[in-house]
Amino acid sequence: GAGVSQSPRYKVAKRGQDVALRCDPISGHVSLFWYQQALGQGPEFLTYFQNEAQLDKSGLPSDRFFAERPEGSVSTLKIQRTQQEDSAVYLCASSQQRGGETQYFGPGTRLLVL
Amino acid sequence: SQQGEEDPQALSIQEGENATMNCSYKTSINNLQWYRQNSGRGLVHLILIRSNEREKHSGRLRVTLDTSKKSSSLLITASRAADTASYFCATANSGGSNYKLTFGKGTLLTVNP
């Protein structure tokens, strides 16, 4: 079946621009996660949704980062006024259950801020 | 912040050899998971071991967990060139936020044909 998909796969933004990254989780998956992966590092947790409810946003680096999942399926991660330090791969994952032990990851969106 | 630390950072072996990677972590965990990442397929879940388990097998993979030492190891037997990838351990803490995975920096494995 279809896995987690993300778009765009690559995004180049000028510093100060706003960007929106999309995640389509596996159909029917309750839980959705966003992670940020800097070059040469492991992924770092950003935020967690259970259906449409954002239950944990403790990993969002600043108030320039905002995530939503209004209908409990597709999610969007928005970054306002991008900075060079925002350059990273943004990974989305979903899992079937609440919390969800096994997370299925998408291919990621590689963001480069110039 | 990263909890897990993989060791070694990089490993190069010949096809057919075994590869062992280690992971250490700091806090009490609910479970520990290993993931593989390469440019072609993204981050793929390999195996999960719970805090009350000591060893688990899946195909050519063998994972051990020692909660007293807060460490885990991943053994890949009879390695293949296709096993070339970065391998990450990820921990889910015990307690209310056990959905949140904390990854290490990874081990880059190169399997030479």
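All of these numbers come straight from a predicted model, not from anything done at the bench.

Novice: Before we move on, could you go through the nonpolar core and cite the residues and values that matter?
Specialist: Counting 21 residues, the largest nonpolar core has L32, W34, L74, I76, Y87 and L109 of chain B as its most contacted members. Secondary structure elements with two or more residues in this core: β3 (19-24), β4 (29-38), β5 (42-50), β7 (61-66), β8 (71-76), β9 (85-93) and β11 (107-112) of chain B. In this structure, F65, A67, Y90 and L111 of chain A belong to the second largest nonpolar core, which totals 19 residues.

Novice: Before we move on, could you go through the sheet that holds β3 of chain B and cite the residues and values that matter?
Specialist: Backbone hydrogen bonds are what pair the strands of a sheet, in a parallel or an antiparallel way. Residue and element names in this part refer to chain B. Pairing within the open sheet is antiparallel, and its 5 strands lie in the order β1-β3-β8-β7-β6. Edge positions in the sheet fall to β1 (5-7) and β6 (55-58), since each has one partner strand and no second. Averaged over neighbouring strand pairs, the angle between their axes works out to 15° when direction is ignored. Note that β6 and β7 share 4 bridges and pair antiparallel. Along β7, the bridge assignment pairs H57 with R62.

Novice: Tell me about the sheet that holds strand β1 (residues 5-7) of chain A, and please be specific about residues and values.
Specialist: Residues and elements named next belong to chain A. Sheet architecture is open: 4 strands sit in the order β1-β3-β8-β7, paired in antiparallel fashion. Two strands in the sheet have a free side with no partner beyond their single neighbour: β1 and β7 (65-68). Averaged over neighbouring strand pairs, the angle between their axes works out to 15° when direction is ignored. Inspection of the sheet shows β1 paired to strand β3 (residues 19-24) by 3 bridges, in the antiparallel sense. Paired with Q6 across the strands is C23, a residue of β3.

Conventions we followed
Residues numbered from 1 in each chain as written. Chains lettered and ligands numbered in written order. Predicted model: local features only at pLDDT ≥ 70, side-chain atom pairs only at ≥ 80, totals over all residues. Heavy atoms only, no water. Core = buried A, V, L, I, M, F, W, Y, C linked by side-chain atoms within 4.5 Å. Buried < 20%, exposed > 50% of the residue type's maximum accessible area, 1.4 Å probe, protein only. Helix = DSSP H or I, 4+ residues; strand = E, 2+ residues; numbered from the N terminus. Pairing = 2+ DSSP bridges. Axes fitted to C-alpha atoms, helices over the stretch in contact; angles between N-to-C directions.

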